[in-house]
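Each chain, letter by letter, is given below.
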Amino acid sequence: MAILKNLTVDEMVCYSPTMITTNGIWQGDNPLDYALPLFILQVILVVVATRIFVFVLKPIRQPRVIAEILGGIVLGPSVLGRNKTFADAVFPLRSVMVIETMANVGLLYFLFLVGVGMDASAIRRMGRKSLTIAVSGMVLPFGTGALFSIFLMKDGEKATNGSAFVLILGVVLSVTAFPVLARILAELKLINSELGRVALSAAIINDVLSWMLLAIAIALAEDERISVASVMVVLSSAAFVAFNAFVVRPIIMWIIRKTPEGESFSDFYICLILAGVMISGFITDAIGTHSVFGAFVFGLIIPTGPLGFALIEKLEDFVSGLLLPLFFAISGLKTNVGLITGVTKWAVIIILVVLSCIGKVVGTLIVSISYQMSLSEGAALGMLMNTKGLVEILVLNIGRDQKVLDEEAFATMVVITVLMTGMIVPAISIIYRPSRGMISYKRRTIQMSKKDAEFRVLVCIHTPRNVPTMINLLEASNPTKKSPICIYVLHLVELTGRTSALLIVHTSKKSDHTALNRTEAQSDHIINAFDNYEQHAEHVSVQPLTAISPYSTMHEDICSLAEEKRVAFIIIPFHKQQTVDGGMEATNMAFRTVNQNVLANSPCSVGILVDRGLNSSNRLVADQMSHHVAVLFFGGPDDREALSYGWRMSEHSGISLTVMRFVAGEDTAMSESSTSHNNNADKQRVLTVETDEDGETDKQLDERFLHWFMMSHVNDDSIAYIEKVVNNGEETVAAIRSMGDVFGLFIVGRGQGVISPLTAGLTDWSECPELGAIGDLLASSDFATVASVLVVQQYVGAGLEDGLGTPVLNEEYGGGGNQSNFMQPRGSQTVTSPRGHQSVFSTERC
């Protein structure tokens, strides 16, 4: 007979060790009398209960740990467990050993995965700012917990070990749960912000400190006095960490080097590592720490890379989705909220939660302000550092098992943990709204950018193949002393194994280490290429970054970074690349989804680059670059933005710019008038959408903008302006084909929201609508050209409080304050230009 001692009451529960599986209900057996079917039912109930709470709490974006604890509380003695029939049938005392054992196995492997997902080298790179914030945020809550522990011990049954009780309560109130915080930041879309990076850095340090406090708490739980045994626990734990760092880690590195790049790791190595988790847990449990400490340290020594990704991929869904909820549910099952009776006790809990939160916020805020962070950012950071999760629940369970906490104290601290974590997201939403600081950024476009100010560009890279053309395009964008270019290079990497998205800022651009995998090798290649460009080019600054996220949310990283850095232009590569025979083939269809999402959500203008080389000159010296660029202008905001970029490029000494404007012929005008007469219900007219407060149409804005452009380049022989009069889409295609192969780059507007008879029929066989009618034509394999194509979409945004760039363009390119000096007569179809320069400006009819 096996014997299990219940932790609640001193009674003996006996059951047969052979009662594991049932013979079936047809043999008269009750499945709930047997261990395996009972365990399966318990798992089902726990998963269902937690999923219900996940669904219910999703609108208020509560972390999953809250749902899992609440699910356990509902199944436990606080709610459903109050029914004795339900409790005896589904969660009898004899089943406690099985479900707790499996829950701890899940906990063991989850902590291993947390260690694998945590970059150990990042801890060494933490700056003084993160360290100071982490420590200052722990001091006041820890002191608050130590003070209130006296009242809690007086109000309830006194803990058997006062020092351990004080330490455990201090840990619960002061530490920050790194995995839970990462998920909250991802949900709030703050993970790639400066605030998110500081919070994660401080949380990592906080986690390390919490493990140290946990080891001390366990030692004190065994013996309140600092005895020889306590000292041996600490020393042996330190020896275990050193053994893993200097003996086990080199073995892991040898396994990584032995496996060829791109190949999967053998089952033998994977099984060996998974067994190592168990061995580490056994060792640390034997020396008196806790088994999860060994699993966490073992995971921490595995470097970020293909091995870590492979382990997380194999384990995460099963462990996080099935086994880990058991651990949190067990905590809820042990929690009897009914034991917390009386208004006084609840008042103490609420005061304790409020004071500890205030202490964390105040401590963090003081340090944040000293580092020139705003008041709202400091308060938000303090709230984020109040995130609770796994470590706190683990500490509480250890305290309960060691009899440091009684039933009432345990329930009290679980409630405190749930309340402190649950209030974070609502509080952050109230006190911190980063969009407030972005009001001045609402309409950032190339057209609105000042000519004598820094031009900020976000360049997205999928593979090193995108790099040469991107660099040549940026150099052709004319960086000058008056208008330098600040380039943020973002290497986009698919998330394949980490628990949350990650943005890596490369502080050292020159790679001085050996890449562990293909992704690192590609990042090093990209970083080194742009670093080389920065060294050889003038008036250019480069900041390389790597974004690791799933393709479904990759656009959020791009857009949030663009908003944070206040860039004017995002350049993203097309999802197709040129083949040897000149055709276009898709590299990864997920890239197309990313591009479409960026176009839909971008906070600034966007350009999609169809890469066909643009390498007529591979040299990076400005005076040795030579490119012929063509801007195809049909009208509308996107085309004005395309011409704005071409305008900037035209200032470069090595760029020859041709602007070809397509004008509707008489046949088109007559057809349009007839269509309007026959169908008065049709309100969608060509290029006549109201765009500003004065009622100016797109056509009038186009005329004015083209007039400014030509007046600024009257005597510039490197710029040619041609007007093509066409009547339909076929003539448009013929006119574009007649331009020949002299151009290395076409810049065209996407034409979103503009319906023109000049492109009629071109969209009927469009393969990639995100490029617009003309962009899709130029990017297709059927169009015989070797030129790259940049398809531009102007950011329009919501609200037209500052017009479509007219005031800024007047100031920059008009040279005077009188706007009327550069206005064109409203009724004129072609712009006023000095016709004496026929070599530069000409009109042609197809």
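Residues numbered from 1 in each chain as written. Predicted model: local features only at pLDDT ≥ 70, side-chain atom pairs only at ≥ 80, totals over all residues. Heavy atoms only, no water.

(A) Examining the overall build of the protein chain more closely. Of regular secondary structure, the protein chain possesses 28 helices and 16 strands. Counting every position in the protein chain, which comprises 846 residues, the buried fraction comes to 55%. If you take every contact in the protein chain between residues at least 6 apart in sequence, the share linking residues at least 24 apart comes to 80%. When the accessible surface of the protein chain is split by element, carbon and sulfur atoms take 59% of a total near 36500 Å². (Helix = DSSP H or I, 4+ residues; strand = E, 2+ residues; numbered from the N terminus. Buried < 20%, exposed > 50% of the residue type's maximum accessible area, 1.4 Å probe, protein only. Contact = heavy atoms within 4.5 Å. Areas by Shrake-Rupley, 256 points an atom, 1.4 Å probe, with all protein chains shown as cover.)

(B) The environment of R82, seen in detail. Summarising the element assignment, R82 is placed in the loop between α2 (64–75) and α3 (84–90). With a relative accessible area of 60%, R82 lands in the exposed category. Considered as a pair, R82 and N336 are 254 residues apart in the sequence and their alpha carbons are 9.5 Å apart.

(C) Examining the confidence of the model for the protein chain more closely. Taken over all residues, the pLDDT of the protein chain has a mean of 75, while the share at 70 or more is 76%. For the protein chain, the element scoring lowest by mean pLDDT is helix α28 (residues 806–814), at 36; strand β7 (residues 569–573) scores highest, at 93. Segment residues 1–9 is flagged for pLDDT under 50; beyond a separation of four residues in sequence, or across chains, it makes 24 contacts in the model. Across residues 154–160 the pLDDT falls below 50, and counting only partners more than four positions away or on other chains, this stretch makes 10 contacts in the model. (pLDDT = per-residue confidence, 0-100.)

(D) Local environment of the nonpolar core. Counting 121 residues, the largest nonpolar core has F112, I302, L307, L384 and L396 as its most contacted members. Those residues in contact with L307 that lie beyond four places of it in its chain are I252, I256, F265, I270, I273 and I302. By size, the runner-up hydrophobic cluster in this structure holds 54 residues, among which are M554, I608, F783 and V791. (Core = buried A, V, L, I, M, F, W, Y, C linked by side-chain atoms within 4.5 Å.)

(E) Seen up close, the packing of aromatic side chains. One pass over the full model with this rule turns up nine aromatic pairs. Members of the aromatic cluster, joined through ring pairs, are W647, F705 and F709. (Phe/Tyr/Trp six-rings, centres within 6.5 Å; stacked < 30°, edge-to-face > 60°.)

(F) Expanded view of a nonpolar patch on the surface. On the surface, I20, L36, I40, I44, V48, I52, F55 and V56 cluster together into a nonpolar patch covering about 760 Å² of accessible area. Looking at the element boundaries, I40 is found in helix α1 (residues 35–57). (Patch = residues over 30% accessible without salt bridge, like charges linked within 9 Å, V, L, I, M, F, W, Y side chains within 5 Å. Salt bridge = Lys/Arg side-chain N within 4 Å of Asp/Glu carboxyl O.)

(G) Fine view of the packing of helix α14 (residues 343–370) against helix α15 (residues 375–384). Close contact between α14 and α15 brings their axes to 8 Å; oriented N to C, the two are set at 140°. By the angle between their axes, α14 is oblique relative to α15. In terms of crossing hand, the pair formed by α14 and α15 is right-handed. Residues K360, V361, T364, L365, S368 and I369 of α14 touch α15, and the partners they reach there are L375, G378, A379, L381, G382 and M383. Residue composition of the contact of α14 with α15, grouped by class: seven nonpolar, four polar and one charged. (Axes fitted to C-alpha atoms, helices over the stretch in contact; angles between N-to-C directions. Parallel < 35°, antiparallel > 145°, perpendicular 65-115°, else oblique. Left-handed = near helix turned anticlockwise from the far one by under 90°. Nonpolar A, V, L, I, M, F, W, Y, C, P; charged D, E, K, R; others polar.)

(H) Geometry of the pairing of strand β11 (residues 627–633). When you tally the buried positions in β11, you get six out of seven residues, the bulk of the element. Sheet topology places β11 next to strand β12 (residues 655–664); seven bridges connect them, and they run parallel. By the bridge assignment, H627 is partnered in β12 with I655. Once the chain exits β11 it traverses helix α23 (residues 637–650) before rejoining the sheet at β12, and the crossover so formed is right-handed. As paired elements, β11 and strand β14 (residues 745–749) share four bridges and run parallel to each other. (Pairing = 2+ DSSP bridges. Right-handed = clockwise from strand over helix to strand, strands pointing away.)

(I) A look at helix α19 (residues 467–476). Burial runs high along α19: nine of the 10 residues are buried. Just beyond α19, the residue with positive phi is N478, at close to 65°.

(J) Local environment of the packing of helix α4 (residues 96–117) against helix α11 (residues 267–287). For the pair α4 and α11, interaxial distance at closest approach is 11 Å and the crossing angle is 110°. Comparing their axes, α11 and α4 come out roughly perpendicular. Crossing hand, α4 versus α11: right-handed. Where α4 approaches α11, its residues V105, L108, Y109 and F112 are matched on the opposing element by I273, L274, V277, M278 and G281. Partitioned by chemical class, the residues of the contact of α4 with α11 number eight nonpolar, one polar and no charged.

(K) Region of the structure containing unusual backbone geometry. A positive phi angle, near 60°, is found at Q372, a position not held by glycine. Residue position: Q372 is located in the loop between α14 and α15. Q372 gets classed as exposed once you look at its relative accessible area, which sits at 70%.

(L) Molecular detail of the side chain of D702. Take D702: it is sitting in helix α25 (residues 698–712). Assessed through its relative accessible area of 3%, D702 is described here as buried. Contact partners of D702, with chain neighbours within four places excluded, come to F633, G635, G636 and R640.

(M) Quick look at the pattern of salt bridges. A complete count under the given rule lists 11 salt bridges for this structure. Put simply, D33 and R94 hold a salt bridge, and the shortest N to O gap is 3.8 Å. Linking D33 in the loop between β2 (12–15) and α1 with R94 in the loop between α3 and α4, this pair joins segments that are 61 residues apart in sequence. In this structure R94 comes out as partly exposed when scored by relative accessible area, which is 23%. The partner of E100 in a salt bridge is K334, and the shortest N-O contact between them spans 3.6 Å. With E100 in helix α4 and K334 in the loop between α13 (306–333) and α14, this pair connects stretches of sequence that are 234 residues apart. The pair formed by E100 and K334 is uniform in burial state, with each residue classed as buried. If you follow the salt bridges from partner to partner, you end up with R661, E703 and E723 in one network.

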